[in-house]
Amino acid sequence: QVQLVESGGGLVQAGGSLRLSCTSSGRTFSSYGMAWFRQAPGKERDFVATISGSGSTTSYADSVKGRFTISRDNAKNTVYLQMNSLKPEDTAVYYCAARLRKVVGVTPHVYDYWGQGTQVTVSS
């Protein structure tokens, strides 16, 4: 069983930055493809960014390209999401997800484990 714990959410003004972290309890963290998804009230859970086990491959939703950066530190069992130039439409609960494959994935159903989520609120 893999447990994921997110942190780093909060309230920020438009144009500001936040860095989310997600720490895994898994013993073979470098074997997991990781991703961030987000869900706004009344909406579906949307893909944000994904990274392969080695960190060599990443992919982003068009809405965050150039503003968000996903990275990982396998020695710390942690994946990060650096969010810059935040907009009010980025407001959502952000979820970390892990899949038992090293490759990236952009749809929720390919992920095996999920964190509890962290709230990000961007004020205008």
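To be clear, the structure that these remarks concern was listed above.
Residues numbered from 1 in each chain as written. Predicted model: local features only at pLDDT ≥ 70, side-chain atom pairs only at ≥ 80, totals over all residues. Heavy atoms only, no water.

**Regarding the state of the cysteines**
Within this structure, the stated rule accounts for one disulfide. Covalent S-S linkage joins Cys 22 and Cys 96, the inter-sulfur distance amounting to 2.1 Å. In this structure the cystine formed by Cys 22 and Cys 96 twists about its S-S bond by roughly -75 degrees; its chirality is therefore left-handed. Of this pair, Cys 22 sits in strand S3 (residues 18-24) while Cys 96 sits in strand S9 (residues 92-99), placing them 74 residues apart in sequence. Like Cys 96, Cys 22 is buried. (Disulfide = S-S within 2.5 Å. Helix = DSSP H or I, 4+ residues; strand = E, 2+ residues; numbered from the N terminus. Buried < 20%, exposed > 50% of the residue type's maximum accessible area, 1.4 Å probe, protein only.)

**Some thoughts on unusual backbone geometry**
Unusually for a residue other than glycine, Asn 77 sits at a positive phi of about 55 degrees. Despite not being glycine, Ser 85 has its phi angle at roughly 50 degrees, a positive value. Judged by relative accessible area, which is 41%, Ser 85 ranks as partly exposed.

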